[in-house]
Amino acid sequence: MEKEKVIQLNPEETINKNIVRRKQFVDKDLSFFMDVPLPSWIELSIIDVCNRKCSFCPKSDDSVAPDTYQKSSVFMFEKLANELEEIGFNGAFALCGYGEPYLHKNVYEIIKILSRVSRVEVVTNGDLIKPKTLQKTVDAGVSKILISMYDSADQVEHFKNIVEESKVPNDIVILRDRWYDDSQNFGVKLTNRGGTIDLGNQAPVGMHTTCYYPSYQVLIDWNGDVFLCPQDWQRRVTMGNVMHENFLDIWKGSHISKFRKCLIKGDRSNSPCNKCNATGTLLGEAHAQAWKEVYNLD
């Protein structure tokens, strides 16, 4: 009976639940530092390698997103955490991006550093998850562990058993069904990743104009490069580098402000936005409104 129930999971429902869950803390309370609206979501790609080659992910094509095996230094997170503490950051960190977080040997130390500032989520394919893995992740201070299951509905029971054996709180681990085919967009909110892939039932480029991504979040790569959002898989345009600059200077700087202003006004003419088909308005509306006031946009 349990397996029958699992097989009938609805991928759209899973996606919507995730959006609603994120919205609760991404959009709930805006925080400011010296009248600058602060981000509420920072994605961190701590290692540039994945142990899977999912067809809907750019990592499946070595000519686009090859595994370089480069990884972040612990020093970068110490620096970033100190700077974010100083400005009162109270959003969320998500370890995901261009690689599998658990392939980084210092993943637990990274979680511990970031969790002293705010909540930390880990997004994983689950292949390296064992009871001890969950225990160490929770002990490091993680808020949520999101396990994306790509193989079959049988994985639900598998991971439930691991969670039970680990004795970590059930509500810390979220299981996400991702084992579907391209007719159901593999169970993900599928986009072309900034014009990188063309697979599944996607919206055409140009259908969406306004985008709030850079109003409320950024993605930081393994080497400290800051990108507008997780859609830019070809890493076309960097906003700065947290290893060499202060995070706040990058966040309020002229480079990211140029993109932010354009996207708030519905202008996607700049690369890589001109190739992107992501909706861009599911989260962050209040942040965009705050930036409109900062920039005096009509």
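Residues numbered from 1 in each chain as written. Predicted model: local features only at pLDDT ≥ 70, side-chain atom pairs only at ≥ 80, totals over all residues. Heavy atoms only, no water.

**Q** Got a minute to help me understand the pattern of salt bridges in this structure?
**A** Any two side chains of opposite charge can pair, so long as their charged atoms come close to each other. Across all of its chains, the model carries 15 salt bridges by this definition. As a salt-bridge pair, Arg 52 and Asp 127 come within 2.7 Å of each other at their nearest N and O atoms. Of this pair, Arg 52 sits in the loop between strand 3 (41-44) and helix 3 (74-87) while Asp 127 sits in the loop between strand 5 (119-124) and helix 5 (131-140), and the two are 75 residues apart along the sequence. Exposure remark for Arg 52: the relative accessible area of 18% places this residue in the buried category. By relative accessible area, Asp 127 is classed as partly exposed at 33%. Lys 79 is the salt-bridge partner of Glu 83, the closest N and O atoms lying 2.6 Å from each other. Within this pair, Glu 83 and its partner Lys 79 are both found in helix 3, separated by 4 residues, close to a single helical turn. For Glu 83, a relative accessible area of 11% translates into the label buried. (Salt bridge = Lys/Arg side-chain N within 4 Å of Asp/Glu carboxyl O. Helix = DSSP H or I, 4+ residues; strand = E, 2+ residues; numbered from the N terminus. Buried < 20%, exposed > 50% of the residue type's maximum accessible area, 1.4 Å probe, protein only.)

**Q** Explain the packing of aromatic side chains to me, please; I cannot follow it from the model alone.
**A** How two aromatic rings sit relative to each other is set out by the distance from centre to centre and by the angle between their planes. Applying the stated criterion across every chain, the model contains 9 aromatic pairs. Aromatic side chains Tyr 98 and Trp 233 sit 4.8 Å apart centroid to centroid with 80° between the ring planes, which places their arrangement in the edge-to-face category. Of this pair, Tyr 98 sits in the loop between strand 4 (92-95) and helix 4 (107-115) while Trp 233 sits in the loop between strand 9 (225-227) and strand 10 (240-241), and the two are 135 residues apart along the sequence. You can call Tyr 98 buried: its relative accessible area is 1%. Exposure remark for Trp 233: the relative accessible area of 5% places this residue in the buried category. (Phe/Tyr/Trp six-rings, centres within 6.5 Å; stacked < 30°, edge-to-face > 60°.)

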